[in-house]
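# Working through the structure, step by step
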Amino acid sequence: MARKLPAKDVVIIGLGWTGSILAYELADAGLDVVAIERGPWRNAATDYPPGYAADELRYRIRHKLFLRPEQTTFTFRNKMNQTALPIRSWGAFMPPNGVGGGGVHWNAETWRFLPSDFVARTHLTQRYGASFLPEDMTIQDWGVTYDELEPHYDRFEYLCGTSGQAGNVKGQIIEGGNPFEGPRSRPYPTPPQDQPFSHTLFGKAARDLGYKPFPQPSGNLSHAYQNPLGVRLGPCTYCGFCEWFGCGNYSKASPQTTILPALLRKPNFSARDNSEVMRINVDGSGKRATGVTFVDTDGNEWEQPADLVILSAFTIFNVQLLLLSKIGKPYDPVSNTGVVGRNFTHQTISDVTSFFDPAKFIFNPFIASGAIGMCIDEFNGDNFDHGPHGFVGGGYMGQVQTNGRPIETAPVPPGTPLWGAEWKKAVKENYQSALKPGTGVHGSMYSYRDVYVDLDPTYKDRFGRPLARITMDFHDNEIKQNAFLTDKFAEIFKAMGARQVVKEYRKAPYDVTKYQTTHLCGGAIMGTDPGTSALNRYLQNWDVPNLFVMGASAFPQNAGYNPTGTVAALAFWAADAIRTKYLKNPGQLIDA
Amino acid sequence: MTFQNKGDIMIHRRKFLISAALWFTGTTSLTRASVISGHMPWSPFPMSPPEFVRPGPWQFFTVDEAVAIEAIVDRIIPADPETPGGKEAGCAVFIDRQLKGPYGSGAGLYNRGPFIKGTKEQGPQSPLTPAELYRKGLAGIDKYCKANLGGKTFAQLSPDQQDDVLKKIESGEAKFEEVDAQGFFSALLKDVPEGFFSDPIHGGNRDMVGWSMIGFPGIRYDYRDWVHRHNERYPHPPVSIAGRADWTPHKA
Amino acid sequence: MRSVVATVVALAVIAASSGTAVSTGSQDFATVERGRYLADAADCKSCHTVPGSNRPFAGGRPIETPFGTLISPNITPDRDTGIGDWTDDEFDAAVRHGRTRNGAYLYPAMPFPYYARMSRDDVEAIRTYLNTVTAVHSDVRGNQNQLPFPFNIRTAMMAWDRLYFKPGEFQAHTDKSEEWNRGAYLVQGPGHCGACHTPKTVLGGDESSKLLRGYALQGWFAPDITSGQGSLADWSADDIVTYLKTGHNQHAAAAGLMGEVVDLSTSKMHDDDLKAIAVYLKDVSGSARPTGATADPNVLAAGGAIYQDLCSACHAADGKGVPNMFPDLNETATVLASDPTTVLRVILQGAQSVATDKEPTGPAMPAFGWQLNDGQVAAVASYIRDRFGKKASGVTEQQVQKMRSQLAASRN
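Of regular secondary structure, chain C possesses 17 helices and 6 strands. Put simply, chain C has 412 residues, and 56% of those count as buried. Expressed as a percentage of contacts within chain C between residues at least 6 apart in sequence, the contacts between residues at least 24 apart total 66%.

This is the structure in structure tokens:
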């Protein structure tokens, strides 16, 4: 009983980072664009001003800005022989909801992947031999190279005003930057953020150990900045309420602070908030999307016809919508056929908590930003010889502590009771002199045959649609990788002068109650072979050429970095392909 | 010929422009679908300012429950000469208001069945809301104490005895009939420190005692002058969303 | 080729003779463009259009006056309900003399005392442009005005006009530059800046000895924009141009009513016209700022504490803000002004600065009225006015309370 709306040229599902990038690019090309966002509009002055944004209970503990599981959630199991059960309350990851998506409450850690990450299978096979890779590891080459994406990484960084220190400009290695990074065409648009005490100390200790530390590339800006769209950002004030929180003073890069003010001035763009897309509609042939059907808050169903559909709803929702709309062959791990749902990954995170002499160290942990920290990249990707170690992959590591918020970050030494007078005393004694980086070891997670997404047979959302079901566990490769990296990480804190260093290795089984970043990837991956990917190298759906699917769902495996930089670069890359190739000649861009 | 509001004649053609300015900016809401185009939506007031807990009678706990929870929070976080304990800090008030609100009723969580107990890694699967958990838990702890400690309720025990009971619950030695005692204790270990360290507007951390204990400055937002001052104690007192004493002019 | 020319000429003739206007004004492109530009400068569209209606100039916008509500008329070329069948003389009489076509008096909600400074040529250009806008059939003539007795007696305006209406085109000052004169013409004529920025007498006419020295209207203070008071003393002519063009400059941002003026009017004007306005304004003499009482030290101390905790995240510890984003409180006219209305209003309910093509960000100041009580608002307002506003007068709790009631009343 859906009522039909006037047709648009483009309908965009989800107005987060990629939705906003595509909306701007396509509206700029003169198309009539509508974006449909499940969650509410929000912006700094009205929704997260400095007067009440810094409320740890409301935002960090009660998850006020995030999707409510009641609205929709997923089911989860470790292994295929288990029954998946609903994630009734978020833990391991925090799905976004609302205009700006995760871009509102992310940490703004803005990394590029390594050149070798995009050709992972080829590269690793060449270096170590095919038998070095576990048999059930399903990593693939992406179909696009770092060099092809470089101009688009650059575009995103200049859109955001990213603050950083370049390490490799056109092949020239620059002291103080990341010597391992792929070559960039020019330096960052603003200089790196200032580093508080503990972060500086980590950098020094790492240097003394022979590493090459560099400041983390940050979308919390070191200086006021005006981007190429004319939109301005202010300087970050190190408030320590970054991830999980909206930024109150326009200094964190988000769709609201970089794109939307310019996008909304375009008369050919409009957005609908609080409207949830139910499915992508496809014609009788199954090869052409005709638009979407969505539901508003009154429960009315609407049909939005469009010539071009951009699916940019966040990793798992992308996959779920493809499955619900019956676009593409669902992945079956048993027969190893199908593409939608395969190569699903997360991140391999661990931490090291360290305790220093309170008489000698005052860290003021509450002075920080979301992307603060000195990092080293020696153990990322294939930056080191994995031969002796028996695993592949890696990650950056750093003292990237973003906060001293007392509910979350009041470390006590192991053995301290969890309550009572001794606990209270330990919290008081250690608050100013303990360090807890958070996602200190930020390792890759490669893809496996039995880690995937499909539709749950039992549990439904409030519309009666099956929830997406996640089957995920850690494999030995990632556990080994993490142990190795965590040990290296701990050494640096020792070198800083910690009197006690506590390692928290990541261990199997994967636990959906422990937060491990929201870097969910895969499920609708890009590639060169339609037999093992859902999208071609332009993120165009192999089966339905007028459907492009944005986001980290396109990653065939996850690398050892935060994904947003690469997600955005791919969005610009796809937008460019649409503008320069697809619009001139709509249809499948690749003959496979 | 008389005029009213004489000074305003010339300018009242502008008055409509104020309401129009509001109209221009477009109204959105946190829950109602709307169309956004032409300009960034704005309204002259905050869209979701926090609610301030006001002192007053218990809103969730019964009298007996209040007595029990106040005693419990004072053992989880006991008083010491420098810093008040959980009770004086308002942890019980915090929990009372939280249980009365959406946290207590499990609002926003996925509450559809079937409810099947899974592995630890699959997360909590109980249909029990926090409100129900506390009702049963507090009833359970008093029942346990009465049965095992000479007919006394938890609050009537000595502090050492209370600690002993809590340790037994923590270890699993003490069990309640109606609810998983360890599950109740886990909730306490989360909620009580939250009451001690959350912004005072939520009912706990009274007078910011929790923050003062550790030197956390609260909702301060600008540390640009302090990023470079390494290894130096930050001297300014904490601030809550409700402000601090210095916000109100002292009488001369 | 000849047939094409003939066709074009024929079409032009047809267009000229079947136009919905009876004016004999030229329909040539250049005049229409000039008229459009002047209509933007005079901001006709904002009063004569219901916002969001997509029917520009069709009138129907309610205008509240102390006498009741006026409805702006339809000035599209519709012959029945618009001004399509007005002669040029009738149009000119309305715009520059305050008289409708049947001789009735216009209320000065229509700023004819300012438009009177315009040249006949310019008014005719505006007419020519208005003849080209889409004709809308919408009956919003004066009989829809809701003015109670005795204010519905238009003839009362006769006396007012005698006191306050000085007809006559702008006369150039021969001792001033062309640029200055152009600026003066724009400010005194189409720009009608004095309508908001000039203090009024008790009967609502301009205080002619205090031109552009600031006036409070409906919860905003349109500040002193002369060169004397210190508000714009530190602003260069370029600062003024940037402000009018983009709504922002290194010192301040336009919001609220002035934001609308930037959005619909000044951002569409040519740079050299804006420069002329700036040159003129920098030459208009003002007076020393009236002194007011400084708040007591306890109040200032409290204000300083609030400022540090809540305000410095955007406006910085030294008040300097961020150029083109967060106003520099040391150079913001409404902070320096004798009247704290704007400062109080913005603190209590926030404000969204204007977005223009060159400056699309439009940062908004959050509302603090829900978080601070009257004494605290008074304290922080007094602090910023004292510390950054070059010792501008303090603000009392009573003033804050009054502002709150005023804002609440204007919403209902």
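Turning next to the overall build of chain A. A count of helical and extended segments in chain A gives 12 helices and 23 strands. Principal-axis analysis of the C-alpha atoms gives chain A an extent of 70 × 55 × 50 Å. Restricting the contact set of chain A to residue pairs at least 6 apart, pairs at least 24 apart contribute 75%.

Where the model shows low pLDDT, its predicted coordinates should not be examined in detail. Residues and elements named next belong to chain C. Averaged over all residues, the pLDDT of chain C equals 87, while 87% of them reach at least 70. Taken together, the stretch residues 1–24 has pLDDT below 50 and engages in 17 contacts with residues farther than four places along the chain or on a different chain. Reported for the predicted complex are a pTM of 0.93 and an ipTM of 0.95.

Residues and elements named next belong to chain A. Tracing the chain through its elements places L520 in the loop between strand 22 (500–504) and strand 23 (547–549). The spacing of L520 and L229 is 291 residues in sequence and 30 Å in space, taken between C-alpha atoms. L520 has contacts with F93, T315, I316, H346 and A552, leaving out every residue within four places of it along the chain.

Quick look at the sheet that holds strand 5 (residues 85–86) of chain A now. All names here are of chain A. Overall, mixed pairing links the 4 strands, which are arranged 5-4-21-20 in an open sheet. Pairing within the sheet leaves two strands with one partner each, and these edge strands are strand 5 and strand 20 (452–460). For strand 4 (residues 74–77) and strand 21 (residues 466–471), the ladder comprises 4 bridges, and the chain directions are parallel. Residue pairing in the sheet places T75 in a bridge with R469 of strand 21. With respect to the sheet, helix 9 (residues 315–324) is in contact with strand 4, strand 20 and strand 21, its orientation differing from that of strand 20 by roughly 70 degrees.

This brings us to the packing of helix 10 (residues 237–246) of chain C against helix 12 (residues 271–281) of chain C. Residue and element names in this part refer to chain C. At a minimum axis distance of 8 Å, the contact between helix 10 and helix 12 shows a crossing angle of 130 degrees. The angle between the axes of helix 10 and helix 12 places the two elements in the oblique class. Classified by chirality, the crossing of helix 12 by helix 10 is right-handed. In this structure, helix 10 contributes A237, I240, V241, L244 and K245 to the contact, and helix 12 contributes D271, L274, K275, I277, A278, V279 and L281. The class makeup of the residues in the contact of helix 10 with helix 12 is 9 nonpolar, no polar and 3 charged.

Residues and elements named next belong to chain C. Entries for chain C in the domain assignment read domain 1 (20–164), domain 2 (178–281) and domain 3 (297–411). With 15 residues of domain 1 at the contact, the number on the domain 2 side is 18 residues. Taken together, the elements giving at least two residues each to the side of domain 1 that touches domain 2 come down to helix 2 (29–42), helix 3 (44–48), helix 5 (112–115) and helix 7 (156–164). Here the side of domain 1 that touches domain 2 takes 4 residues from helix 2, the largest share from any one element. Across the side of domain 1 that touches domain 2, the residue classes break down as 10 nonpolar, 1 polar and 4 charged.

Across the contact, 75 residues belong to chain A and 67 residues belong to chain B. Contributing elements (two or more residues each) for the side of chain A that touches chain B: helix 2 (44–47), helix 3 (56–61), strand 4, strand 5, helix 6 (197–208), helix 8 (260–263), strand 11 (269–273) and helix 10 (420–430) of chain A. The residue makeup of the side of chain A that touches chain B, split by class, is 39 nonpolar, 20 polar and 16 charged. When strand 11 of chain A meets strand 1 (residues 34–36) of chain B, the two strands line up antiparallel, connected through 3 bridges. Among the inter-strand pairings, A:R272 is bridged to a residue of strand 1 of chain B, identified as B:V35.

Put simply, A:A508 and A:P509 share a cis peptide bond, and its omega is -5 degrees. The residue A:P509 is located in the loop between strand 22 and strand 23 in this model. The step from B:G113 to B:P114 runs through a cis peptide bond, and the omega angle for that step is 0 degrees. Structurally, B:P114 is set in the loop between helix 5 (102–105) and helix 6 (130–148). Backbone geometry places A:L539, a non-glycine residue, at a positive phi of 65 degrees. A positive phi angle is found at B:N205, which is not glycine, with a value near 50 degrees. Along the polypeptide, B:N205 turns up in the loop between helix 8 (181–197) and helix 9 (209–214). C-beta crowding within 10 Å serves as the criterion here: with 29 such atoms nearby, B:N205 is assigned to the buried category.

Turning next to helix 12 of chain C. Most of helix 12 of chain C sits inside the fold, with 8 of its 11 residues counted as buried. Burial in helix 12 of chain C covers these residues: C:D273, C:L274, C:A276, C:I277, C:A278, C:V279, C:Y280 and C:L281.

The next thing to look at is the pairing of strand 11 of chain A. All names here are of chain A. Of all the 5 residues making up strand 11, 4 are buried; the element is thus mostly covered by neighbouring parts of the structure. Relative to strand 11, strand 3 (residues 33–36) runs parallel, the two being bridged by 4 bridges. What sits directly across from V33, in strand 11, is F269.

Right, let's talk about the pairing of strand 4 of chain A for a bit. Residue and element names in this part refer to chain A. With burial as the criterion, each face of strand 4 is covered, one bearing F74 and F76 and the other bearing T75 and R77. Of the strand pairs in this sheet, strand 4 and strand 5 are connected by 2 bridges, and their pairing is antiparallel. The residue bridging F76 from the neighbouring strand is L85, located in strand 5.

Residue and element names in this part refer to chain C. Checked against the element boundaries, S285 lands in the loop between helix 12 and helix 13 (297–315). On the basis of neighbour count, S285 is assigned to the exposed category, with 9 C-beta atoms found within 10 Å. Note: C-alpha distance between S285 and K210 (75 residues apart in sequence) is 9.3 Å.

This part covers the environment of C:T87. Residues and elements named next belong to chain C. With respect to the element layout, T87 can be found in the loop between strand 2 (68–71) and helix 4 (88–97). Looking at T87, the number of C-beta atoms within 10 Å reads 15, which means it is partly exposed. For the pair T87 and R101, spaced 14 residues apart in sequence, the C-alpha separation works out to 8.9 Å.

What follows concerns the packing of helix 15 (residues 341–349) of chain C against helix 16 (residues 374–387) of chain C. All names here are of chain C. Remark: helix 15 packs on helix 16, axes separated minimally by 10 Å, with the N-to-C direction vectors making an angle of 130 degrees. Judged by the inter-axis angle, helix 15 sits oblique to helix 16. Crossing of helix 15 against helix 16: the hand is right-handed. Counted together, V343, L344, I347 and L348 of helix 15 and V377, V380, A381 and R385 of helix 16 form the full contact between these two elements. Of the residues assigned to the contact of helix 15 with helix 16, the class counts are 7 nonpolar, no polar and 1 charged.

What counts, and at which threshold
Starting from 1, residues in each chain are numbered consecutively following that chain's sequence as written. Chain labels run from A onward and ligand labels from 1 onward, assigned in the order the entries are written. Under the rules for a predicted model, residues below a pLDDT of 70 receive no local features and side-chain atom pairs below 80 are neither given nor counted, while totals for whole chains, interfaces and linings still include all residues. We count a stretch as a helix when DSSP gives it H or I for four or more residues in a row; a strand needs E for two or more, and each element gets its number in order from the N terminus. Whether a residue is buried, exposed or partly exposed is read from the other C-beta atoms within 10 Å of its own C-beta, which are placed from the backbone; 20 or more gives buried, 12 or fewer gives exposed, and intermediate counts give partly exposed. The contact criterion used is a C-beta to C-beta distance within 7 Å, with each C-beta placed from the backbone. pLDDT is defined as a per-residue confidence score from the predictor, taking values between 0 and 100. Strand pairing follows a simple DSSP-based rule, namely that at least 2 bridges must link the two strands. Axis definition: a line fitted to C-alpha atoms, limited for helices to the stretch in contact. Angles are taken between N-to-C directions and run from 0 to 180 degrees. For classification purposes, angles smaller than 35 degrees are called roughly parallel, those larger than 145 roughly antiparallel, those between 65 and 115 roughly perpendicular, and all remaining angles oblique. Crossings are assigned a handedness: left-handed for a near helix turned anticlockwise from the far helix by less than a right angle, right-handed for a clockwise turn. Residues are grouped as follows: nonpolar covers Ala, Val, Leu, Ile, Met, Phe, Trp, Tyr, Cys and Pro; charged covers Asp, Glu, Lys and Arg; every other residue, Gly included, is treated as polar. Residue ranges for the domains originate in an automatic or database domain assignment.

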